[in-house]
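Per-entry structural report
Each chain, written out:
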Amino acid sequence: MHIFRLSRAASSVIVMLGAVFAISSTALAQTPVKPNAQDASHACPHDDSGLKLPAGFCATIFADGVGHARHMVVSPNGVVYVNTWSGRYYGNDTPHAGGFLVALQDTTGSGKANVNQRFGETVQSGGTGGTGIGLYKGALFAEINDKIVSYTLPAGSIVPQGSAVTVVSGLPLGGDHPMHPFAIDADGSLYVDVATATNACQSKNRTPKSPGIDPCTELETRGGIWRYDANKTNQKFSPAERFATGIRNAEGFAIDPTGHHLFVTQHGRDQLRTNWPALYKPEEEATLPAEELLLLTRGGDYGWPECYYDAVQRKLVLAPEYGGDGGKKLGPCATKSAPIAAFPAHWAPNAMVRYDSQQFPARYHDGVFIAFHGSWNRAPYPQGGYNVVYQALEGDHSSGQCEIFADGFAGPVKTPDQATHRPSGLAVGPDGSLYVSDDVRGRIYRIVYSGGSGSGSGSAQFTPCPSASAPAGNITAADAKPPEGTHPDAGAAAATASLPVPNGATKEMVALGDRIYHGQVGGATCVGCHGAAGTGTTLGPNLTDTQWLWGDGSYRAIVKTITAGVPEPKKYRSPMPPMGGAQLTDDQVRAVAAYVWGLSHRAP
């Protein structure tokens, strides 16, 4: 739940990169085996990434601290262009100095960028950055605020000398998904994702038992793919250019070499159990619905908001906001377009890139890599994603189970507040290197294959993705590590016992509030937005701070905020429904409020 307070100025600098390219043919089948730990010091003497990769692959930190980088693209001469973002999506922290666009180049052959130049809109010129970026006919295209613009790249310079030219303007902003990733095909068709402003087109967004608006008026201007012409300028956003509909949030694009197959990823909706507890089991908050890979067709309807994909049943089913009964009814979903591949719920596919190069072994040719940013609302069960996976394709459909290609970005804890790095973008260089961006500290990785010529499939070991229908796992305990030889919960219990108690509450209430906050009682998912330690994430503010956005920070004010929710947040893009979307009793609300009060009044 989002208990909105002003968090301390974040120092995280974030990189999200985004790709435009992807998909086709058959990958050679292999029997999954458990990977052995690679001796990076021997096989990859320059690997400083800390990533877990298949045998024969190495990675270097190509650049660091470049900003909240979203998507990226690599030019034929090896320059990596990154679009960075700021604003509410990142808690309105201080943007990186200079332009929001970044050009990175390695002129020494070290695998690290020694050239770093920023350009484009700045905070001073009214910019906030963006997500989408691409190259077409030698020009660089980028999203900035509500526009997609193009820059001419002159000979002898890796950054433009002139001003940007507007290609499309008036793209919808605000709501849950204000970004505009895009892809450009060989003919200049510019496909733009205009994602949804809400979770499920409810009368009250993310609010328990709020019905869906029928028909969903949001679909007139959101929730689909729009097509424009990259060869034209000063085009205006309008409903007339809609190419496909019923897509909640398509951040990853891929186009095969023939131009006949266009693929996008889709973020599945959130909060089925939270908003409809009578219809779903607690663990189904973490396992439904699946993330999706879609084959995009003109006029296609992929089901949002009426439908979601159930990976266990392998079909689209009717959402509860539109009369669904928890997974049995199909209704109009029987005629909607289902995905060609599904992935575990809430992993958040933020980028996709097709691999057509020859550097990697043959099994990675003509498929797609997908960057999963990582989940927040699988709590209180283990979060998932925070990795890069490979999905083989054959023509217009998937081929076999995906594999986890790169992992280890997050570090020891996979949660939004504690992940050290989070994959957010992908691009392929002219030499076949795979670039991955991180949106926590602005890191960009470069992955290469050094195990041979790459001409054969070999017997490389790999890790299959967990099934999209896999169980949620066990509820995770508090993050505190107890002293050796004590009960596993001893450290967390001691930390909670040391919290101060507000007037009108008791230590027992604070202890209960701790359990509610961490999802062990009442079905709340506070940790998903505010982090396990209450120090905040990009979705919810820091609860250990002393400056409050709502109320005066008193126990009574916190109770009021939790009870009423925050329908129109001041600093964050998503609202907090009453009681965080959970069904809490009055005593439980007071208990979690006492715990939050204790977090903010703990002695330094």
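Source: prediction; values computed, not measured.

1. Some remarks on the pattern of salt bridges
- Enumeration according to the criterion identifies 15 salt bridges in this entry.
- The salt bridge partner of Arg 248 is Asp 270, with a shortest N-O separation of 3.2 Å. With Arg 248 in the loop between β15 (242-245) and β16 (253-255) and Asp 270 in the loop between β17 (262-266) and α2 (272-275), this residue pair connects regions lying 22 residues apart in the sequence.
- Here Arg 248 falls in the buried class, since its relative accessible area comes to 2%.

2. Structural notes on the pairing of strand β4 (residues 80-84)
- For β4, the buried fraction is high: 5 of the 5 residues fall into the buried class.
- The alternating pattern of β4 places Val 80, Val 82 and Thr 84 and Tyr 81 and Asn 83 on opposite faces, both of which are buried.
- Bridge analysis of strand β3 (residues 69-74) against β4 gives 4 bridges, and the strand direction is antiparallel. Bridge pairing links Ala 69 to Thr 84 in β4.
- Once β3 ends, the chain turns through 5 residues before running back antiparallel as β4, passing Gly 78 with a positive phi of about 90°.
- Where β4 lies against strand β5 (residues 101-105), 4 bridges are found, and the strand directions are antiparallel.

3. Regarding the sheet that holds strand β18 (residues 291-296)
- One open sheet accounts for 4 strands, arranged β16-β17-β18-β21; its pairing is antiparallel. Taken across any chain shown, the strands that pair with only one partner, and hence form the sheet edges, are β16 and β21 (341-343). Here the strands of the sheet are splayed against their neighbours by 20° on average, with no regard to which way each runs.
- Examined bridge by bridge, β17 and β18 share 5 bridges and lie antiparallel to one another. Paired with Thr 265 across the strands is Leu 293, a residue of β18.

4. Section: the nonpolar core
- Ile 516, Tyr 517, Tyr 555 and Ile 558 are the most contacted members of the largest nonpolar core, which has 29 residues in total.
- When residues of this core are traced back to their parent elements, those giving at least two are α5 (507-517), α6 (526-530), α7 (555-564) and α8 (586-600).
- Per-element accounting of this core gives the leading share, 9 residues, to α8.
- Residues within four places of Tyr 517 in sequence aside, it is in contact with Cys 526, Val 527, His 530, Gly 531, Ala 532, Gly 534, Leu 543, Val 592 and Tyr 595.
- With 24 residues, the next largest nonpolar core counts Phe 360, Phe 369, Tyr 445 and Ile 447 among its residues.

5. A short note on the packing of α5 against α8
- Taken N-terminus to C-terminus, the directions of α5 and α8 make an angle of 95°; their axes are 7 Å apart at the nearest point. Here α5 lies roughly perpendicular to α8, going by the angle between them. Of the residues in α8, those in contact with Met 509, Val 510, Leu 512, Gly 513, Asp 514, Ile 516 and Tyr 517 of α5 are Gln 588, Arg 590, Ala 591, Val 592, Ala 594 and Tyr 595.
- Considered class by class, the residues forming the contact of α5 with α8 number 9 nonpolar, 2 polar and 2 charged.

6. Observations regarding unusual backbone geometry
- Put simply, Asp 214 and Pro 215 share a cis peptide bond, and its omega is 5°.
- With respect to the element layout, Pro 215 can be found in the loop between β12 (189-194) and β13 (224-229).
- Going from Trp 304 to Pro 305, the amide bond is cis rather than trans, its omega being 0°.
- With respect to the helices, strands and loops of the structure, Pro 305 is situated in the loop between β18 and β19 (307-310).
- Although it is not a glycine, Lys 209 adopts a positive phi angle of roughly 65°.
- Within the element layout of this structure, Lys 209 appears in the loop between β12 and β13.
- A positive phi angle is found at Ala 348, which is not glycine, with a value near 70°.
- Take Ala 348: it is sitting in the loop between β21 and β22 (349-355).
- Residue class for Ala 348 comes out buried when judged on its relative accessible area of 8%.

7. Concerning the state of the cysteines
- Considering all chains together, one arrives at 3 disulfides under this definition.
- The disulfide partner of Cys 307 is Cys 333, and the gap between their sulfur atoms is 2.1 Å. Judged by the torsion about the S-S bond (-100°), the Cys 307/Cys 333 disulfide is left-handed. Remark: Cys 333 occurs in the loop between β20 (315-318) and β21 and Cys 307 occurs in strand β19; sequence separation between them is 26 residues.
- By relative accessible area, which is 7% here, Cys 307 ends up buried.
- Between the sulfur of Cys 402 and that of Cys 465 lies a disulfide, 2.1 Å long from S to S.

8. Observations regarding the sheet that holds strand β6 (residues 115-119)
- Spatial ordering of the open sheet is given by β3-β4-β5-β6, a layout of 4 strands whose pairing is antiparallel. Edge positions in the sheet fall to β3 and β6, since each of these pairs with one other strand and no more. Along the sheet, successive strands turn relative to each other by an average axial angle of 20°, direction set aside.

Procedures and definitions
- Residues numbered from 1 in each chain as written.
- Predicted model: local features only at pLDDT ≥ 70, side-chain atom pairs only at ≥ 80, totals over all residues.
- Heavy atoms only, no water.
- Salt bridge = Lys/Arg side-chain N within 4 Å of Asp/Glu carboxyl O.
- Helix = DSSP H or I, 4+ residues; strand = E, 2+ residues; numbered from the N terminus.
- Buried < 20%, exposed > 50% of the residue type's maximum accessible area, 1.4 Å probe, protein only.
- Pairing = 2+ DSSP bridges.
- Axes fitted to C-alpha atoms, helices over the stretch in contact; angles between N-to-C directions.
- Core = buried A, V, L, I, M, F, W, Y, C linked by side-chain atoms within 4.5 Å.
- Contact = heavy atoms within 4.5 Å.
- Parallel < 35°, antiparallel > 145°, perpendicular 65-115°, else oblique.
- Nonpolar A, V, L, I, M, F, W, Y, C, P; charged D, E, K, R; others polar.
- Disulfide = S-S within 2.5 Å.

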